[in-house]
Amino acid sequence: MKNRSSLWILASLTAFGWPHDLASSEPTLSVDPVDCVDPLIGTRGGGNVFAGATLPFGFVQPGPDTGPGSGASGYDNEKPIDGFSQQHISGLGGPIYGEISLLPVTGNIPSPSDVISTGKSSETASPGYYAVTLAPWNVKVELTCTQHVALHRFTFPANLQSRILLNVGHCLFGTSANWASAKPVGGEVNIHPELREASGYMVYSGGRSTEKPWKVYFAARFDAPFASFTPWSDSGWLPPGATSALGANIGLSLNFVTTAGQAIQAKVAISWRSIEQARGRISRELPGWDFDAVHLAAREAWSGLLGRIEIEGGSANERRLFYTALYHMHLSPNDWTGESPERYGNLTYYENQLCLWDTFRGVMPLYTLIEPKVSADIVNTLLNFYTIDGWTGDAHSAHQYEHVQNGSNADVVMADAYAKNLPGVDWSKAYQAIRKNAFEDPDPKAESRPKKGRFHLADYLKFGYLPTDAASYRDVQGVTRTLEYVYDDFCVLSLARKYGTAADIQSLAGRILRYRNLWDTTS
């Protein structure tokens, strides 16, 4: 059943991005909402928005990258493109991922790790599709995908030195001085010319507030034989005959002799578990080479989702903003079920919860209405974090917790889902998970944001508010945290009334007016 709504009811969704070209003409309104979406909105002015191809909540997001300092998505519309990598996040504060980049070029390449385009033309994007033509090589790039496999199509000019640079050391990078920096640590790449395949892995360190290294495997297959190939490593090009490379800055130049308008395609699958799992994704999801059919399937997936909400009124440009915002809110979190850490088995696992503090007010409640199964899956993912690793957390990426912003906002997400009676959730376990956030302080002497639980919960419980001098940490944010803890306690109380003890109920009920403790009644 479709949801009908006046445009103004959900107008706040348009805050997800800003038009990349305010002077452009308004699009002609199509019957299909998918044609109202402009994925390039938000790719200028620090919008941090992903511009490439993906499916709703997809595991892969093949898209363009523009080098260091390009924001969370790794892409700034006004910078030159240096590759097309396979995973991205969108709309967030710092970059991560950007693994396994492909860049089609022509001519002699002295230093393969430093190649960058000099310009672009004919850039276009729609849900499930991205295309651009790169200068100075005059190569057209097109991207689409399945849930786990990226499909690249490169259309070359006539050239005796057409190449696809497969950069295994590529990743998204903030700046050398901030929390968003990441780097490759070490990996391996191998070429199998008889299979028209390259495979390998890379270990990365850093990115956002991650602390543990993360390892990504890949397999890439091509629909044309290689005229030749040359690996490179940290020291540069390897000698003729080499079929593998080890190191941090490693990759392959896959060389072709092309005729004018010749298209060469690449299927790229990544896995956070194994090369064999990546190969299996290709075999199951993308056995053929019909780019247009894959693009059409991706378009139809987006069309079915976006068509769940029909709007009335407003201009064509306002409809463009509305449906683009609706599209943006389905770019993450991402369904990584089966790509979680091995200890999770095949439990439901939605990665890139970045972060609940940013989404519990608007996006998460809307999911409960238009994506109830996904909403339940997100709740169950938080429960799986709690069951396997001890806490629900507030932010999560790259198989690990990131820092908690202020309150323990999983409490709010679960309480909202409980109030709407979403099916398929063990609510007794859900209560135990959020009860832990409300009653256990993971580090009473913390001097920085925690990655689980609430910052200085013990002080909040002792004083009835969080003192601004509870720690020397610059962002104690006593007023903000107190207000959020009070609201979180109210949310935990909503489940405690059925699943908690009398003592739990009494304690939580006694906290929900603590916002009054922030007022000086004598002044």
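All figures in this text were calculated on a predicted structure; none of them were measured in a lab. (Residues numbered from 1 in each chain as written. Predicted model: local features only at pLDDT ≥ 70, side-chain atom pairs only at ≥ 80, totals over all residues. Heavy atoms only, no water.)

Engineer: Tell me about the pairing of strand β9 (residues 159-167), and please be specific about residues and values.
Structural biologist: Two strands pair when backbone bridges link them, and strand β4 (residues 101-106) and β9 are joined in this way by six bridges, in the antiparallel orientation. If you follow S101 over to β9, its bridge partner there is N167. Sheet analysis places β9 next to strand β16 (residues 251-258), joined by seven bridges and oriented antiparallel. Within the sheet, the bridge partner assigned to L166 lies in β16 and is L252. (Pairing = 2+ DSSP bridges. Helix = DSSP H or I, 4+ residues; strand = E, 2+ residues; numbered from the N terminus.)

Engineer: Break down the nonpolar core for me, citing the residues and quoting the values.
Structural biologist: In this structure, F84, I164, L166, F218, F222, W272 and L306 are the most contacted members of the largest nonpolar core, which totals 122 residues. Per-element accounting of this core gives the leading share, seven residues, to helix α6 (residues 372-389). Not counting residues up to four positions away in its chain, the partners in contact with L306 are P33, V34, V37, Y323, L326 and Y327. (Core = buried A, V, L, I, M, F, W, Y, C linked by side-chain atoms within 4.5 Å. Buried < 20%, exposed > 50% of the residue type's maximum accessible area, 1.4 Å probe, protein only. Contact = heavy atoms within 4.5 Å.)

Engineer: An account of the layout of surface pockets is needed here, citing residue identities and associated values.
Structural biologist: Empty pockets left among the atoms are what a rolling probe the size of a water molecule brings to light. Computed from the structure, the second largest pocket encloses a volume of approximately 460 Å³. Every residue lining the second largest pocket is counted, 26 residues in all, and those nearest its centre are D82, S113, N167, H170 and C171. Looking at the lining of the second largest pocket, the elements that each hand over two or more residues are β4, β9 and β10 (182-192). In terms of residue class, the lining of the second largest pocket is made up of twelve nonpolar, ten polar and four charged. (1 Å grid on protein atoms, 1.4 Å probe; cavity = no way out; pocket = protein on both sides within 12 Å on 5 of 7 lines; lining within 4 Å. Points joined across faces, edges and corners; volume = space filled by probe spheres on them. Nonpolar A, V, L, I, M, F, W, Y, C, P; charged D, E, K, R; others polar.)

Engineer: I'd like a rundown of unusual backbone geometry, residues and numbers included.
Structural biologist: The step from A135 to P136 runs through a cis peptide bond, and the omega angle for that step is 10°. For P136, the position within the fold is in the loop between β6 (129-135) and β7 (139-145). P333 follows S332 through a cis peptide bond whose omega is 0°. Locating P333 in the fold gives a position in the loop between α3 (316-328) and β19 (334-335). Even without glycine at this site, F57 takes up a positive phi of about 55°. With respect to the helices and strands, F57 occurs in the loop between β1 (3-6) and β2 (63-65). The backbone of I100 shows a phi angle near 55°, a positive value even though the residue is not glycine. Structurally, I100 can be placed in the loop between β3 (83-85) and β4. For I100, a relative accessible area of 0% gives the class buried.

Engineer: Tell me about the pairing of strand β5 (residues 119-126), residues and numbers included.
Structural biologist: Both β5 and β6 contribute to a ladder of six bridges, which runs antiparallel. When the sheet's bridge partners are listed, S126 is paired in β6 with Y129.

Engineer: Lay out the packing of helix α7 (residues 410-419) against helix α8 (residues 427-439) in plain terms, naming residues and giving numbers.
Structural biologist: Close contact between α7 and α8 brings their axes to 10 Å; oriented N to C, the two are set at 155°. Judged on the interaxial angle alone, α8 and α7 are roughly antiparallel. Crossing angle aside, the handedness with which α7 passes α8 is left-handed. Together, A410, D411, M414, A417 and Y418 of α7 and W427, A430, I434 and N437 of α8 make up the contact between the two elements. Looking at the contact of α7 with α8, its residues break down into seven nonpolar, one polar and one charged. (Axes fitted to C-alpha atoms, helices over the stretch in contact; angles between N-to-C directions. Parallel < 35°, antiparallel > 145°, perpendicular 65-115°, else oblique. Left-handed = near helix turned anticlockwise from the far one by under 90°.)

Engineer: Any chance you could break down the sheet that holds strand β11 (residues 197-206) for me, citing the residues and the numbers?
Structural biologist: Spatially, nine strands are ordered β5-β6-β7-β8-β17-β12-β11-β10-β15 in an open sheet, and the strand pairing comes out antiparallel. Strands at the two margins of the open sheet, each flanked by one partner only, are β5 and β15 (244-247). The average undirected angle you get between the axes of adjacent strands in this sheet is 20°. Pairing between β11 and strand β12 (residues 214-222): eight bridges, direction antiparallel. Within β12, the residue paired with V203 across the bridge is K215. The strands that helix α1 (residues 275-285) touches are β8 (149-156), β10, β11, β12 and β17 (262-271); relative to β12, the one it contacts most, it runs at about 40°.

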